[in-house]
Amino acid sequence: MSLLPLAILLFSIVLLLFLALKLKIHAFLALLIVSIFLGVAMGMPVMSILDSMTAGMSSTLGFVATVVGIGAIFGQTLEASGGAESLARFLVARYGKEKAPYSLAFAGFMVAIPVFLDVGFIILVPVIYALAKDTKKSLLYYAIPLLAGLAVAHAFIPPTPGPVAVAEIMKVDMGWLIFFGFIIGIPVTLLAGPVFGKYIGNKIHIEAPDFFREPAEKPVGKPPAFGLVTGIIIIPLALIVANTVSDVWAKSHGMADAQWVKMLTFLGHPFIALLIATLISIYVLGIRRGFSASSMLDLSTKALEPAGLIILVTGAGGVFKQLLVDSGIGVALAESMSGSALPPIVLAYLLALIIRVTQGSATVAMITSAGIMSPLLEAYTLSEPHKALLAIAVASGATTLSHINDSGFWLVGKYLGMNEKQTLRSWTVMETIISITGFTLALLLSFFF
């Protein structure tokens, strides 16, 4: 394969960093400029570049914009009512300032099994803000453990789309995949979360951003009880879990068309689940605690102002990703390696790693590399546990080096109030720790299965 696509990719990344960090061009504009450059350099027709930009923006924002918008209002309500502060103080009082990151890592790990990473992060980020304000520690001290738990479960454990798709394409037994997902995922979460979070929190001090605004009115009485706030946060999570469980059960029993299954599918969609929780929080934590309807409207409007910035930058990241996909850079690099004599577990990891780094989406990297590996596996006689470890290797490779072509990079960076350099030093390194540690453990276990 020609080295030209790789050279164009590397130059595009350098150009983006130069525009954003050196020339101080806003990330939204810088991403669009580099996306156009990438398409032109790869010889794409001008109209195809425009079509890819439109597709990348719309496909990314179709989900992200709605979730971020509703989540911003939900988070604003938790913050203004004192609910986030109540959760933060409970965690500190119960586990102490030193152990709170471990509880956050566990919470993120469990939440991300049924829920998309970005949804879980948006739901829980007000707690991170409140903890950082209460303890005066760097925001990263608490954010990294939560993000590590979310990222590991999102990549390793079904029913999130990536591992489910890999299991289906590579004919991996789901039970073994879940088993190894937990066995490998827990130590990986601890290392990439609380351990790395403590280190990077001491290196980079990030204040909790002024994402949520001070309300014009103050809530009446004491902050809401921990149990009440937790219950409201659990509502969207419970609805999404119910949707997942009912879908699996209904399909196995031939009842996928039952009305109650369709109703749970509707209620358990992240849009609807978050909307229900947000409306409940507005009434229970806002109206019932002394806020007027006009004050809640004002809070909601103010919450959407910073959310708009996050949405636009994330969408531009989706544009860059789409140009990488449509130009064929990632697949071309991966297919050039498919004739390698490397052991299948190493090859699976490297394929997913290359596709992830070149086009950004972890799920796309997992599905693409699994598709390339699937026919190759027919030449090997592998046990079911070993095939599950191959799937973990794919997931690990697809988690590597989240950077400027990943919409998650921009979502996390903007929510935590970080610039691109800080996001690379924290979020990107955390993702890479997950990748390397997950693959290393999968490789070691493969010698015994």
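Because the structure is predicted, anything quoted here is derived from the model rather than measured.

(A) Quick look at the overall build of the protein chain. Across its full length, the protein chain holds 18 helices and zero strands. Classification of the 449 residues of the protein chain by burial places 56% in the buried group. Across the protein chain, the fraction of contacts at a sequence separation of at least 24, relative to all contacts at a separation of at least 6, is 84%.

(B) Spotlight on the side chain of Ser446. Looking at where Ser446 falls in the secondary structure, it is placed in helix 18 (residues 420–446). What Ser446 contacts, discounting residues up to four positions off in sequence, is Ile345, His386 and Leu389.

(C) Seen up close, unusual backbone geometry. Notably, Lys136 is not glycine yet its phi reads approximately 65°, a positive angle. Summarising the element assignment, Lys136 is placed in the loop between helix 5 (117–135) and helix 6 (139–156).

(D) Spotlight on the packing of helix 8 (residues 174–203) against helix 16 (residues 384–397). One can describe the packing of helix 8 onto helix 16 by two numbers: an axis separation of 9 Å at closest approach and a directional angle of 55°. When the axes of helix 8 and helix 16 are compared, the pair comes out oblique. In the crossing of helix 8 with helix 16, the sense of the turn from one axis to the other is right-handed. Where helix 8 approaches helix 16, its residues Trp176, Leu177, Phe180, Gly181 and Ile184 are matched on the opposing element by Glu384, Pro385, Ala388, Leu389, Ala391 and Ile392. For the contact of helix 8 with helix 16, the class distribution of residues is nine nonpolar, one polar and one charged.

(E) Summary view of the environment of Val261. Within the secondary structure layout, Val261 lies in helix 10 (residues 259–267). As a C-alpha pair, Val261 and Ala242 span 19 residues in sequence and 9.6 Å in three-dimensional space. Excluding anything up to four places from it in sequence, Val261 contacts Ala250, Met255 and Ala256.

(F) Local environment of helix 17 (residues 407–415). Of all nine residues that make up helix 17, seven are buried, and the element is covered over most of its length. Along helix 17, the residues classified as buried are Gly408, Phe409, Trp410, Leu411, Val412, Gly413 and Tyr415. Looking one or two residues past helix 17, Gly417 carries a phi angle of roughly 70°, positive in sign.

(G) Structural context of the confidence of the model for the protein chain. Of the residues in the protein chain, 88% have a pLDDT of 70 or more, and the chain-wide mean is 81. Helix 13 (residues 329–337) is the least confidently modelled element of the protein chain, averaging 61 in pLDDT, while helix 18 averages 94, the highest of any element.

(H) Representation of the packing of aromatic side chains. On inspection of all chains with the given rule, the structure shows 13 aromatic pairs. Note on Phe196 and Tyr199: the rings are 6.3 Å apart at their centroids and 35° apart in plane angle, and the pair reads as tilted. One end of the pair, Phe196, and the other, Tyr199, are both in helix 8, three residues apart, so they sit about a helical turn from each other. For Phe196, a relative accessible area of 8% gives the class buried. Of the residues examined, Tyr199 reaches a relative accessible area of 48% and is grouped as partly exposed. With 5.9 Å between their ring centres and 50° between their planes, Trp249 and Trp260 make a pair best called tilted.

(I) Expanded view of the environment of Gly71. Mapped onto the fold, Gly71 is located in helix 3 (residues 46–81). Judged by its relative accessible area of 2%, Gly71 falls in the buried class. Separated by 207 residues in sequence, Gly71 and Thr278 have C-alpha atoms that sit 7.7 Å apart.

(J) Local environment of a nonpolar patch on the surface. On the surface, a cluster of nonpolar side chains totalling about 770 Å² of accessible area is made up of Trp176, Phe179, Ile183, Leu444, Phe447, Phe448 and Phe449. With three residues, helix 8 is the single largest residue contributor to the nonpolar patch. Mapped onto the fold, Phe449 is located in the segment after helix 18. A relative accessible area of 37% means that Phe449 is categorised as partly exposed.

(K) Spotlight on the environment of Leu389. Relative to the helices and strands, Leu389 resides in helix 16. Taking C-alpha positions, Leu389 is 9.2 Å from Leu441, a pair spaced 52 residues apart along the chain. Those residues in contact with Leu389, other than ones at most four positions away along the chain, are Phe180, Ile184, Ile345, Ala442, Leu445, Ser446 and Phe449.

Criteria and cut-off values
- Residues numbered from 1 in each chain as written.
- Predicted model: local features only at pLDDT ≥ 70, side-chain atom pairs only at ≥ 80, totals over all residues.
- Heavy atoms only, no water.
- Helix = DSSP H or I, 4+ residues; strand = E, 2+ residues; numbered from the N terminus.
- Buried < 20%, exposed > 50% of the residue type's maximum accessible area, 1.4 Å probe, protein only.
- Contact = heavy atoms within 4.5 Å.
- Axes fitted to C-alpha atoms, helices over the stretch in contact; angles between N-to-C directions.
- Parallel < 35°, antiparallel > 145°, perpendicular 65-115°, else oblique.
- Left-handed = near helix turned anticlockwise from the far one by under 90°.
- Nonpolar A, V, L, I, M, F, W, Y, C, P; charged D, E, K, R; others polar.
- pLDDT = per-residue confidence, 0-100.
- Phe/Tyr/Trp six-rings, centres within 6.5 Å; stacked < 30°, edge-to-face > 60°.
- Patch = residues over 30% accessible without salt bridge, like charges linked within 9 Å, V, L, I, M, F, W, Y side chains within 5 Å.
- Areas by Shrake-Rupley, 256 points an atom, 1.4 Å probe, with all protein chains shown as cover.
- Salt bridge = Lys/Arg side-chain N within 4 Å of Asp/Glu carboxyl O.

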